[in-house]
Number of protein chains: 2
Amino acid sequence: MKTNIQEVEKQFLQYVRKMMAYKEAISLMYWDLRTGAPRKGIDQRSEVIGMLSQDVFRMSTSEQMAAYIAELSAKSVQEQLSSVTRYTLAECQKEYERNKKIPADEYKQFVILQSKAESVWEEAKAKSDFSLFEPYLKQLVDFTKRFVTYWGTNGHPYNTLLDLYEPGVTVDLLDDVFSKLRHHIVPLVQQIRESRHKPETSFLFQPFPKEKQKAFSFALLKELGYDFDAGRLDETVHPFAITLNDGDVRITTKYDENDFRTAIFGTIHECGHALYEQHISKELAGTPLYDGTSMGIHESQSLFYENFIARHYSFWKRYYRLLQQYAPHFSHVSLDDFYRAINESKPSLIRIEADELTYPLHIVVRYEMEKALFDDAIEVKDLPYIWNEKYEAYLGIRPERDAEGILQDVHWAGGSFGYFPSYALGYMYAAQFKHTMEKELPFHQLLENGELVRIREWLTKHVHQFGKTKKPLDILHEVTGEGLNPIYLIDYLEEKYKHIYRL
Amino acid sequence: MKTNIQEVEKQFLQYVRKMMAYKEAISLMYWDLRTGAPRKGIDQRSEVIGMLSQDVFRMSTSEQMAAYIAELSAKSVQEQLSSVTRYTLAECQKEYERNKKIPADEYKQFVILQSKAESVWEEAKAKSDFSLFEPYLKQLVDFTKRFVTYWGTNGHPYNTLLDLYEPGVTVDLLDDVFSKLRHHIVPLVQQIRESRHKPETSFLFQPFPKEKQKAFSFALLKELGYDFDAGRLDETVHPFAITLNDGDVRITTKYDENDFRTAIFGTIHECGHALYEQHISKELAGTPLYDGTSMGIHESQSLFYENFIARHYSFWKRYYRLLQQYAPHFSHVSLDDFYRAINESKPSLIRIEADELTYPLHIVVRYEMEKALFDDAIEVKDLPYIWNEKYEAYLGIRPERDAEGILQDVHWAGGSFGYFPSYALGYMYAAQFKHTMEKELPFHQLLENGELVRIREWLTKHVHQFGKTKKPLDILHEVTGEGLNPIYLIDYLEEKYKHIYRL
């Protein structure tokens, strides 16, 4: 009996490796499409991606997979399996059940709708006309509501969606933490607006040649500990990090010659994602466990690097001179002025351009609207009005066009509901990690000394290495000794911005 | 009955598209490995390539494929199929039979040997010691001899190998044309050696910054008609052209700051390959017919561009000024001196560095040795001695080390026998095409006017468009009205080099 189970275990892991191989090929094609694949080859490349994705989907829902799950999930059998196999099986089972619960026909219709909705959204955004997109969005919401009933609910229907991205997080939790964020950030934003000590920022927009920005980005990545033997940096319209395999975690960035912040903070943000995936335990390679455990934990790593490291005074105390070597036009700007300038906070309409203080409010708006959609408190047709009201209430500004309001993000067009909260959760996780880290490491000192590797090592020890073998809220609790607590983020923001704006 | 066949035809083409999709993914991974994939991801990437290659192999030899062949190859059925389906079926059948005739176990052993032999060859080359490689080469030859008996012979056993790369070409044909080449080129090389009018070449080796060479390469490619919307140019250690799909045909090149010829002639050579594949009829996309018809015809296109266009006086009459914009150090070198310098001919030991006159002799040496190996006239252990003797006899130089003699090429280590003749065949095809083209087009004038597109259009009309639907010797006959005739290449070389060296 024992040898038989071991044989099944081996075959199962081999089966999973095959799925991972297809995924690796798909990821490379995706990366290639975004880093310069020639225009005329795109349609055919998309077909190939479609075919391989279908292979993966079929394998994840096959009778063979069902048989592995049946054979290996009995309790007496589980004890004989390696822990990697057990966790892998659990992931596969979760995916199997999620996919199997939706009738095949319905899922196919949804996929077709998704792809249609994305192109309609593009057009609607270009024309800044929500009414074009509205019927598609309504259908997407309706489909998703049905999916939620198939999957089953646990309290609020939105919980089922949250679980897709952030297992364990619920509406009750989010209502609590998001109201606290709002309660503290909204008045702070208001005070800043009225402050008479606004930073001077004009010098940020002096021309900074792309080649120089690129060279500085490479230099910074090396300082941050990004392993170029296990990755590469390329240029894309929208920056991203992507893992092809455990020895190949790539990042991309975007260069704006009139605003170097785009590339520098973008690169550092993606580097945070990449450091996570470069430091997952090699034991998990070739399984679905070699991945970030949730969108929120992933974002906690990118935001840690982007905000807590790269917007920190001590970091620039160390690296401002390096920047000046690549950007001599900063040689007449003092470190203090530079620091204040890159930390300017000003309400803006577009989420991805928001500063670190106002950013969470953009998420709160989206969360409140998604939640209300899924408990039928509001309807799709009401979204633009509600959106604009909320921006006015929380940020003090009001979109004049749908394109810079309700139509700005692609997420809904892709049928992703429940994803947005991860961004703000990641930010709170990061602040909570930082609070714990500071008890164990001389954080400021390490930044000033350029000992960034020690910070990365701490994150690897507490977060990275586990990949998907631990759930997000479990990691948070194990590392920090408590559940999600927004006070660390609030304290960080209040202290920093009261200082900068002399409030 | 009719509708049933159409349904089978549709399914068959869909099945083939699936195989082509895997091949496209494999090609992209191959391209990526050579253009900067990070070192630590290579092993896993190679595994993925292996898995997908296995998928393709399985599909090409599956019972399903056998069923398609059986159902669609009956004569009464063939008449109902589109011509694309008929040719595709023929290709699939050829591959099916070739693969099925080798016992699976034996093929697996061969693949393992291949991969082992390549790494041993690398080591042997680094140590310049043929004896390390000898036992592996012997096994590769023995395997291949057995494969030849499985596949069946037609006259000389080497014919079976030639058929893999150049269908229709035989030992009888090659004996005839290669002896003619030798007969004319060997004395010409000798006369050149004794000429007192050797070109001055030192100015070729002045520093030419990589970025400038790159910019010139892009400019030249545009002039040659390479479509950057259906391709891209990257940098690799060994230049190559690769087709991912009908809208994505990429090339790579190599930059040597002390010898710009590497990049320029290399880029133009690969451009010749790429123009072929960018201009195959779109009707053939998604089938194995969207490919060059043979290695030789492929090489005819690359050599046409590299030698007949880019080493032509009229070409530089047009483009020397453009080069000087990127390389101001040539501004004091006259066009005539430049032309003579880039056409210097001098026997050398390494095939891939040979000039256009001595190049065919490198191929003749390899052909004579391969042929003798496969009719048991010589043994593997005798190869280094015979190699050196032949280099002395034909080129007047003798390798002192195995690394610059018998061990220089990777082909044999990869188990490729019968491939080398394609290089010289391609050269002869090209010269024969050119002879016909000159009756229809004012060749020199087009070069001088920079009307290179008209040359490309002629090649598309006569060669490119057909992809794999016509056999190499059929194309040659249809275009030029005669069988393979080496006189056109011989005339070209004699006229050009007698003029340059004032013989």
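Each chain has its residues counted from 1, running along the sequence as written. Whichever chain is written first becomes A and whichever ligand is written first becomes 1, with later ones labelled in order. Totals for whole chains, interfaces and linings use all residues, but because this is a predicted model, local features are given only for residues with pLDDT of at least 70 and pairs of side-chain atoms are given and counted only at 80 or more. Hydrogens and water are ignored here; the side-chain numbers use all heavy atoms of the structure.

**Observations regarding the overall build of chain A**
Then, in step 1: A tally of regular secondary structure across chain A gives 21 helices and three strands.
Then, in step 2: The atom set for the radius of gyration is the C-alpha atoms, and the globule formula is 2.2 Å times the number of residues raised to the power 0.38. Relative to its length of 503 residues, chain A is compact, with a C-alpha radius of gyration of 23 Å against a globular reference of 23 Å.
Then, in step 3: In terms of overall dimensions, chain A has a C-alpha envelope of 75 × 50 × 50 Å along the principal axes.
Then, in step 4: Think of it in three bands: with a 1.4 Å probe and only protein chains considered, a residue is buried below 20% of the maximum accessible area for its type, exposed above 50%, and partly exposed in between. For chain A, the proportion of its 503 residues judged to be buried stands at 57%.
Then, in step 5: Contacts between residues were defined by any pair of non-hydrogen atoms, one from each residue, lying within 4.5 Å. Sequence-distant contacts in chain A: of pairs separated by 6 or more residues, those separated by 24 or more amount to 72%.
Then, in step 6: Only the protein chains shown count as covering a residue, and every accessible area follows the Shrake-Rupley method with a 1.4 Å probe. When the accessible surface of chain A is summed, it comes to about 21100 Å², and 49% of that surface belongs to carbon and sulfur atoms. Runs of E in the DSSP output that reach at least two residues are strands. Runs of H or I that reach at least four are helices, and both are numbered from the N terminus.

**Section: the pattern of salt bridges**
Pairing between side chains of opposite charge can happen when the charged atoms of each approach one another.
Then, in step 1: Any Lys or Arg side-chain nitrogen found within 4 Å of a carboxyl oxygen on Asp or Glu counts as a salt bridge. Applying the stated criterion across every chain, the model contains 69 salt bridges over all chains.
Then, in step 2: Arg-146 of chain B is the partner of Glu-106 of chain B in a salt bridge, and the nearest nitrogen-oxygen pair spans 2.8 Å. Of the two residues, Glu-106 of chain B is situated in helix α6 (residues 104–127) and Arg-146 of chain B in helix α7 (residues 130–151); the sequence distance between them amounts to 40 residues.
Then, in step 3: The class of Glu-106 of chain B is buried, set by a relative accessible area of 13%.
Then, in step 4: For Arg-146 of chain B, a relative accessible area of 35% corresponds to the partly exposed category.
Then, in step 5: A salt bridge links Asp-376 of chain B to Lys-145 of chain B; the nearest nitrogen and oxygen atoms lie 2.7 Å apart. Of this pair, Asp-376 of chain B sits in the loop between α15 (359–374) and α16 (383–395) while Lys-145 of chain B is found in helix α7, placing the two residues 231 residues apart along the sequence.
Then, in step 6: Where salt bridges share partners, they join Glu-24, Asp-248 and Arg-250 of chain A together with Asp-32 and Arg-45 of chain B into one cluster.

**Description of the relation of the copies chain B and chain A**
Then, in step 1: What sets the superposition is a least-squares fit of C-alpha atoms, and only residues with pLDDT of at least 70 in both copies go into it. Here chain B sits on chain A after a turn of 180° about the axis and a move of 0.0 Å along it, with an RMSD of 0.0 Å. Both copies of the chain, as the preceding transformation shows, are related through a two-fold rotation axis. Across chain B, the rotation axis passes nearest the C-alpha of Ala-25 of chain B, at a separation of 3.1 Å.
Then, in step 2: Comparing interface residues between copies, 100% of those in chain B also sit at the interface in chain A, which points to an isologous, same-surface contact.

**What about a nonpolar patch on the surface?**
Residue and element names in this part refer to chain A.
Then, in step 1: For patch building, the residue pool is restricted to those with more than 30% relative accessible area and no salt bridge; the joining distance is 9 Å between like charges and 5 Å between nonpolar side chains (Val, Leu, Ile, Met, Phe, Trp, Tyr). A cluster of nonpolar side chains, Phe-57, Tyr-107 and Val-111, forms an exposed patch at the surface whose accessible area comes to about 210 Å².
Then, in step 2: Relative to the helices and strands, Phe-57 resides in helix α2 (residues 42–60).
Then, in step 3: For Phe-57, a relative accessible area of 31% translates into the label partly exposed.

**Quick notes on the environment of Gly-418 of chain A**
Residues and elements named next belong to chain A.
Then, in step 1: Relative to the helices and strands, Gly-418 resides in the loop between α16 (383–395) and α17 (421–440).
Then, in step 2: The buried category is assigned to Gly-418, whose relative accessible area is 2%.
Then, in step 3: If we skip the residues at most four places from it in the chain, Gly-418 touches Tyr-158, Leu-161, Leu-162, Tyr-165 and Glu-370.

**Here's the deal with the interface of chain B and chain A**
How large an interface is tends to be reported as the accessible area lost when its parts come together.
Then, in step 1: Taken together, the contact between chain B and chain A spans 37 residues of the former and 37 residues of the latter.
Then, in step 2: Reported buried area values correspond to the accessible surface (1.4 Å probe) lost by two parts on association, with both partners' losses combined. Counting the surface lost from both chain B and chain A, the interface buries some 3000 Å², and carbon and sulfur atoms represent 51% of this.
Then, in step 3: Where chain B packs against chain A, one counts 14 salt bridges.
Then, in step 4: Side-chain atoms alone can form a polar contact between residues adjacent in sequence; in general such a contact is a pair of N or O atoms within 3.5 Å, and within protein one must be able to donate a hydrogen while the other accepts it. In this structure, the connection of chain B to chain A is made through 31 residue pairs in polar contact (both at pLDDT 80 or more).
Then, in step 5: Elements that contribute at least two residues to the side of chain B that touches chain A include exactly α1 (2–34), α2 (42–60), β2 (241–245) and β3 (248–253) of chain B.
Then, in step 6: A total of eleven residues in the side of chain B that touches chain A trace back to one element, the largest contributor, which is α1 of chain B.
Then, in step 7: Each residue is assigned to one of three groups, with Ala, Val, Leu, Ile, Met, Phe, Trp, Tyr, Cys and Pro labelled nonpolar, Asp, Glu, Lys and Arg labelled charged, and all others, Gly among them, labelled polar. Across the side of chain B that touches chain A, the residue classes break down as 14 nonpolar, eight polar and 15 charged.

**Side note on the packing of aromatic side chains**
Then, in step 1: Only Phe, Tyr and Trp rings take part, Trp by its six-membered ring, and two of them pair if their centres are within 6.5 Å. Stacked means planes under 30 degrees apart, edge-to-face means over 60, and tilted covers everything else. Following the criterion strictly, the structure yields 82 aromatic pairs over all chains and no others.
Then, in step 2: Ring plane angle 25° and centroid distance 6.2 Å describe the contact between Phe-260 of chain B and Phe-338 of chain B, whose orientation is recorded as stacked. Remark: Phe-338 of chain B occurs in helix α14 (residues 335–342) and Phe-260 of chain B occurs in the loop between β3 and α11 (261–278); sequence separation between them is 78 residues. Each member of the pair, Phe-260 of chain B as well as Phe-338 of chain B, is classed as buried.
Then, in step 3: Lysine and arginine charges are scored as sitting over a ring when NZ or CZ, respectively, is within 6 Å of the ring centre and within 35 degrees of the ring normal. Positioned above the aromatic ring of Phe-265 of chain A, the side-chain terminus of Arg-311 of chain A is 4.1 Å from the ring centre.
Then, in step 4: Cation over ring: Lys-470 of chain A sits above Phe-466 of chain A, and NZ or CZ is 3.7 Å from the ring centre.

**Examining the packing of helix α10 (residues 210–224) of chain A against helix α13 (residues 313–326) of chain A**
Residue and element names in this part refer to chain A.
Then, in step 1: Convention adopted: a line fitted to C-alpha atoms gives each axis, helices being fitted over their contacting stretch, and angles between N-to-C directions are expressed from 0 to 180 degrees. Interhelical geometry of α10 versus α13 gives an angle of 150° and a closest axis separation of 10 Å. Here α10 runs over α13; the crossing is right-handed. On α13, the residues touching Lys-212, Ala-215, Phe-216, Ala-219, Leu-220 and Glu-223 of α10 are Phe-315, Trp-316, Tyr-319, Leu-322, Leu-323 and Tyr-326.
Then, in step 2: Of the residues that constitute the contact of α10 with α13, the class distribution is ten nonpolar, no polar and two charged. Note on convention: the crossing is left-handed when the near helix lies turned anticlockwise from the far helix by less than a right angle, right-handed when the turn is clockwise.

Any functional reading would require information that these geometric values do not contain.
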